[in-house]
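# Structural description and commentary
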Amino acid sequence: VLLLLTMTFNPLPSDAVMSGGSMGGSFGASSRRSYSAPTRTYSSPSYGSSYGTGFNRGFTSGYYSRPSVVVNPVAPIMPSPFYSPFWAPTYYSRPGVVVSGGGGFGLFGFVTFMGFALAALTAVNSFVGSAGGGVLDRVDEAVGGALGPGVSVAEISVAIDVPNRDDPNSILSVLNRLSNTARTDSRVGMSNLTSQVALELLCRKNQIVASSTRSKHFRDSNKASRDFNSLAVKERGKFEQESRKFGGVDYSQSSRGATPGEYDPKATMAVITLLVAVEGDSTKLPVIRSQSDVEEALAKIAADVKVDGCLQSAEILWTPEERSETLSMKDIVGDYPELRSI
């Protein structure tokens, strides 16, 4: 009872209530991947004019012109109203005499032709229905981009020691400034922001105490998008309050900053997560075993997101965001069990 009354009237600093900040943008596939099939124009050759010209030159010079004789035998089968100009083989016995056979498909030929056409159409529809978007996926994979085919979803989280969060050079101060000036409504702006945050972490590699990575390649861009969104929701779900800027819009919920008299420590731990979806199969992050693996992963993200038009989506998340909150290693282990000490 005494402990309960003590906690009621003298509450401890709220370490468990985690605030977080996030910046992000999603832009889909770059326009340079769009292409259209070339247009071709076909014209059927005209045989009548060439033959007519040749015969006129050959026979008008030394012979009298003869009337053309045309023999077109009719098939002994029943007459048919269906006639097709595509089946009329023509034979030239000698100049001026044309013997033509085959008066058309006939009823039996027409029915046979329509049967084959229907069977071919059914086969095509069946193939497209069963393949779904597979054909387009194979085309997309074959075309590829500057970093290769498909889409890669990569994530890195780091736990970093912040001795003085009020220091203008601390990572939390840097993230606060970037969140106020970042252009998250454009692909170029989001590429520059993600690369800058990766470089800021790389410059503070000696303060990183734990980290984890994840990367996966997808042939299907829709599956990559679903995986990215699932990971983003999972990370954002760890925050009870969130200051968010996405696509140029501020969705902040937290108040940012502490009022006078509040518990206001300067030292804290912080967790920063970079989540990206990049076109190609080159963005492969190493498994974290040492500090060099962290450096390699951060350098990889900083470089790949800057490749022209390859960044599809990005999320930058960090905690704590509220000035009155701190994180301990116990809090980090509970909410980020995948982090590995280095």
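The coordinates are above.
Predicted model only: the values in this text are computed from it and were never measured.

What counts, and where the lines are drawn
Residues numbered from 1 in each chain as written. Predicted model: local features only at pLDDT ≥ 70, side-chain atom pairs only at ≥ 80, totals over all residues. Heavy atoms only, no water. Helix = DSSP H or I, 4+ residues; strand = E, 2+ residues; numbered from the N terminus. Buried < 20%, exposed > 50% of the residue type's maximum accessible area, 1.4 Å probe, protein only. Contact = heavy atoms within 4.5 Å. Areas by Shrake-Rupley, 256 points an atom, 1.4 Å probe, with all protein chains shown as cover. Pairing = 2+ DSSP bridges. Core = buried A, V, L, I, M, F, W, Y, C linked by side-chain atoms within 4.5 Å. Axes fitted to C-alpha atoms, helices over the stretch in contact; angles between N-to-C directions. Parallel < 35°, antiparallel > 145°, perpendicular 65-115°, else oblique. Nonpolar A, V, L, I, M, F, W, Y, C, P; charged D, E, K, R; others polar. Expected span 1.5 Å × (residues − 1). Polar contact = N/O pair within 3.5 Å; in protein donor to acceptor, adjacent residues only side chain to side chain. Left-handed = near helix turned anticlockwise from the far one by under 90°.

Attention now goes to the overall build of the protein. Within the protein, the secondary structure is distributed over nine helices and eleven strands. Every one of the 342 residues in the protein was classed for burial, and the buried ones make up 36%. In the protein, the share of contacts with a sequence separation of at least 24, taken over all contacts with a separation of at least 6, comes to 85%. Surface exposure of the protein reaches about 20300 Å², of which carbon and sulfur atoms provide 59%.

Attention now goes to the pairing of strand E1 (residues 19-26). Where burial is concerned, most of E1 is hidden: seven out of the eight residues are buried. As paired strands, E1 and strand E7 (residues 241-246) are joined by six bridges and run parallel to one another. In the sheet register, Gly20 faces E7, and the bridge partner there is Glu242. Across six bridges, the pairing between E1 and strand E10 (residues 311-319) is antiparallel. Along E10, the bridge assignment pairs Gly25 with Ala314.

With that out of the way, let us pick up the nonpolar core. If you look at the biggest cluster of nonpolar residues, it comprises 37 residues, and the most contacted ones within it are Val197, Leu201, Ile272 and Leu274. If we skip the residues at most four places from it in the chain, Val197 touches Leu175, Leu178, Ile272, Leu274 and Ile316. Core analysis: the second largest hydrophobic core is formed by eleven residues, Ala210, Phe239, Val271 and Tyr336 among them.

Glancing now at helix H5 (residues 171-181). Residues three or four positions apart in an α-helix share a direction because the helix packs 3.6 residues into each turn. Buried residues of H5: Ile171, Leu172, Ser173, Val174, Leu175, Leu178 and Ser179, and no others. Of the surrounding secondary structure, the elements contacted by the buried residues of H5 are E1, strand E5 (151-162), helix H6 (187-203), E7, strand E9 (268-279) and E10.

The next point concerns unusual backbone geometry. For the bond from Thr319 to Pro320, the omega torsion is 5 degrees, close enough to zero to count as cis. Structurally, Pro320 can be placed in the loop between E10 and helix H9 (329-335).

Where H5 meets H6, the closest approach of the two axes is 11 Å, and the angle between their N-to-C directions is 170 degrees. Considering their axes alone, H5 and H6 lie roughly antiparallel with respect to each other. When H5 is examined against H6, the residues Ile171, Val174, Leu175 and Leu178 are found in contact with a partner set consisting of Leu193, Gln196, Val197, Glu200 and Leu201. A per-class count over the contact of H5 with H6 returns seven nonpolar, one polar and one charged.

So, about H6. Over its 17 residues, H6 runs 24 Å from end to end, which matches the ideal 24 Å to within 8%, given 1.5 Å per residue. The complete set of buried residues in H6 reads Arg187, Gly189, Met190, Ser191, Leu193, Thr194, Ser195, Val197, Ala198, Glu200 and Leu201.

Another aspect to go through is the environment of Glu295. Along the chain, Glu295 turns up in helix H8 (residues 291-304). The partly exposed category is assigned to Glu295, whose relative accessible area is 27%. For Glu295 and Lys205, which are 90 residues apart along the polypeptide, the C-alpha to C-alpha distance reads 7.3 Å. Residues within four places of Glu295 in sequence aside, it is in contact with Leu202 and Lys205.

Paired through their backbone hydrogen bonds, the strands of a sheet run either parallel or antiparallel. Spatially, the eight strands line up as an open sheet ordered E8-E7-E1-E10-E9-E5-E6-E11, and their pairing is mixed. Looking at which strands have only one partner, the edges of the open sheet turn out to be strand E8 (249-250) and strand E11 (340-341). Contacts from H5 reach E1, E5, E7, E9 and E10 within the one sheet, and its direction differs from that of E9 by about 45 degrees. In the packing of helix H7 (residues 221-236) onto the sheet, the strands contacted are E5, strand E6 (208-218), E7, E9 and E10, and the crossing angle to E5 comes to about 20 degrees.

Relative to the assigned elements, Asn206 resides in the loop between H6 and E6. On the accessibility criterion, Asn206 (67% relative accessible area) is exposed. For the pair Asn206 and Ile160, spaced 46 residues apart in sequence, the C-alpha to C-alpha distance is 8.8 Å.

This brings us to the side chain of Glu200. With respect to the helices, strands and loops of the structure, Glu200 is situated in helix H6. Among the polar contacts made by the side chain of Glu200, one reaches the side chain of Gln196 at a distance of 2.8 Å. The contacts of Glu200, once residues within four sequence positions are left out, are Ile171 and Val174.

Contact geometry of H6 with H8 gives a least axis separation of 8 Å together with a crossing angle of 160 degrees. Between H6 and H8, the crossing angle belongs to the class labelled roughly antiparallel. Here H6 runs over H8; the crossing is left-handed. Together, Thr194, Ser195, Ala198, Leu199, Leu201 and Leu202 of H6 and Glu295, Leu298, Ala299, Ile301 and Ala302 of H8 make up the contact between the two elements.

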